[in-house]
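# Survey of secondary and tertiary structure
Here is what each chain is made of, one letter per residue.
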Amino acid sequence: MRPALTGTLALLMSGAALAGPPYLTDDPEPTDTGHWEIYAPLVEGSGKGANYDGSVGAELNYGAAPNLQLTVGLPVAYAHDRSGFHWARGDLEVSAKYRFFHDEAAGLQVAIFPGITLPTASNGAGNSRVTALLPVWLQKDSGPWSLFGGGGYAINPGPGNRDYWTGGVALTRQMSKRLSLGVEADRQGPDSVGGRSSTSLGIGGILQLHAPFRLLGSGGPTFVDGDGKPGFHAFMALGLDF
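Residues numbered from 1 in each chain as written. Predicted model: local features only at pLDDT ≥ 70, side-chain atom pairs only at ≥ 80, totals over all residues. Heavy atoms only, no water.

### Quick look at the overall build of the chain
Within the chain, the secondary structure is distributed over one helix and 14 strands. In terms of overall size, the chain behaves like a compact globule, its C-alpha atoms giving a radius of gyration of 17 Å where 242 residues would be expected to give roughly 18 Å. Projecting the C-alpha coordinates of the chain onto the three principal axes gives extents of approximately 50 × 35 × 30 Å. A total of 242 residues make up the chain; the buried ones form 44% of that total. Sequence-distant contacts in the chain: of pairs separated by 6 or more residues, those separated by 24 or more amount to 54%. A total accessible area of about 11,500 Å² is found for the chain, and carbon and sulfur atoms account for 64% of it. Averaging the positions of the 16 positive and the 21 negative side-chain charges in the chain gives two centres separated by 6 Å. (Helix = DSSP H or I, 4+ residues; strand = E, 2+ residues; numbered from the N terminus. Rg over C-alpha atoms; globule rule 2.2 N^0.38 Å. Buried < 20%, exposed > 50% of the residue type's maximum accessible area, 1.4 Å probe, protein only. Contact = heavy atoms within 4.5 Å. Areas by Shrake-Rupley, 256 points an atom, 1.4 Å probe, with all protein chains shown as cover. Lys, Arg positive; Asp, Glu negative; His and termini not counted. Charge placed at Lys NZ, Arg CZ, Asp CG, Glu CD.)

See the structure below:
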């Protein structure tokens, strides 16, 4: 499965500090102290045409202390190519978000969100080494609008791999008490020797269902430098807050 799931590594790498669902770009706002945010089932994927890969699983967020969120990702990797559909256990993802600046009156907040992936995958569906992402995220709120973004450095060891920078920016608007919509742009450097950088654009939304549930989704094209045909990325999850 290793050739079929080559692209999954980049997806799971970003999962080490998983983006603020449903966006690739993250935000600095942690889960409230003593509360849980659970996204399950969570489905994400990327690719081009009939060749795509991604993961299915769950993300668990817990507000462990004021301004501190602990996150665990439990993915099952999948891939589809000319040989068919493949499944495997994914790498375990662990991260911690710490908001070290919050000026509520000015609508400003900043956080770090370091995370690692542990090599628990089967059948070559992940990395054989511990990987890490070291990002900083910022946010500015103004009425119904929120502008957030940032990025960081990814440590990506292993044969044929290389470290890289990644980051993005997103703009969202609270359309009503139940609906939020947004757009984003994300940029990632090459994660392999001889690889190329990519840019992903997307739209997303969060629909509040009957409490405590909400539905989240996003998607859009991904452009690899030097490749005239774009691929795609997509995300869908059911959120539970309590």
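Structure's up, so let's keep going.
### Section: the nonpolar core
Among the nonpolar cores identified, the biggest contains six residues, and these are Tyr39, Leu42, Ile206, Leu216, Phe235 and Ala237. Listing elements by their share of this core, those giving two or more residues are β1 (36-48) and β14 (231-241). Ala237 has contacts with Tyr39, Pro41, Leu42, Arg214, Leu215 and Leu216, leaving out every residue within four places of it along the chain. (Core = buried A, V, L, I, M, F, W, Y, C linked by side-chain atoms within 4.5 Å.)

### Topic: the packing of aromatic side chains
As enumerated under the stated definition, the model contains eight aromatic pairs in all. Note on Tyr23 and Phe148: the rings are 6.1 Å apart at their centroids and 65 degrees apart in plane angle, and the pair reads as edge-to-face. One end of the pair, Tyr23, is in the loop between α1 (8-15) and β1; the other, Phe148, is in strand β9 (residues 145-155), with 125 residues separating them in the sequence. Accessibility assignment for this pair places Tyr23 and Phe148 in one class, buried. Ring plane angle 65 degrees and centroid distance 6.5 Å describe the contact between Tyr52 and Tyr78, whose orientation is recorded as edge-to-face. (Phe/Tyr/Trp six-rings, centres within 6.5 Å; stacked < 30°, edge-to-face > 60°.)

### Notes on the environment of Glu104
Its place among the elements puts Glu104 in the loop between β5 (92-103) and β6 (108-112). In this structure the C-alpha to C-alpha distance between Glu104 and Pro119, which are 15 residues apart in sequence, comes to 39 Å.

### Here we look at the side chain of Gln139
Mapping Gln139 onto the fold places it in strand β8 (residues 131-142). A relative accessible area of 7% places Gln139 in the buried class. Polar side-chain contacts of Gln139 include one of 2.8 Å to the side chain of Asp141. Not counting the four nearest positions on each side in its chain, Gln139 is found in contact with Asp27, Pro28, Glu29, Gly107, Leu108, Gln109, Ser146, Leu147 and Phe148. (Polar contact = N/O pair within 3.5 Å; in protein donor to acceptor, adjacent residues only side chain to side chain.)

### Side note on the environment of Leu68
With respect to the element layout, Leu68 can be found in strand β3 (residues 68-81). Along the sequence, Leu68 and Glu104 sit 36 residues apart, while their C-alpha atoms lie 17 Å from each other.

### Some thoughts on a nonpolar patch on the surface
Together, Tyr98, Phe100, Phe101, Leu108, Ile112, Val136 and Leu138 make up an exposed nonpolar region whose accessible area comes to about 590 Å². Elements represented by at least two residues in the nonpolar patch include exactly β5, β6 and β8. Sorting elements by how many residues they give to the nonpolar patch places β5 first, with three residues. Residue position: Val136 is located in strand β8. Judged by relative accessible area, which is 35%, Val136 ranks as partly exposed. (Patch = residues over 30% accessible without salt bridge, like charges linked within 9 Å, V, L, I, M, F, W, Y side chains within 5 Å. Salt bridge = Lys/Arg side-chain N within 4 Å of Asp/Glu carboxyl O.)

### Brief notes about the environment of Pro135
Mapped onto the secondary structure, Pro135 falls in strand β8. Taking the C-alpha atoms as reference, Pro135 lies 22 Å from Ile38; in sequence the two are 97 residues apart.

### A word on the side chain of Asp186
When you line up the elements, Asp186 lands in strand β11 (residues 179-188). Buried and unpaired, Asp186 has no salt bridge, with Arg187 as the nearest side chain of opposite charge at 8.6 Å. The residues contacting Asp186, other than those within four sequence positions of it, are Leu24, Thr25, Thr166, Gly167, Gly168, Ser198, Thr199 and Ser200.

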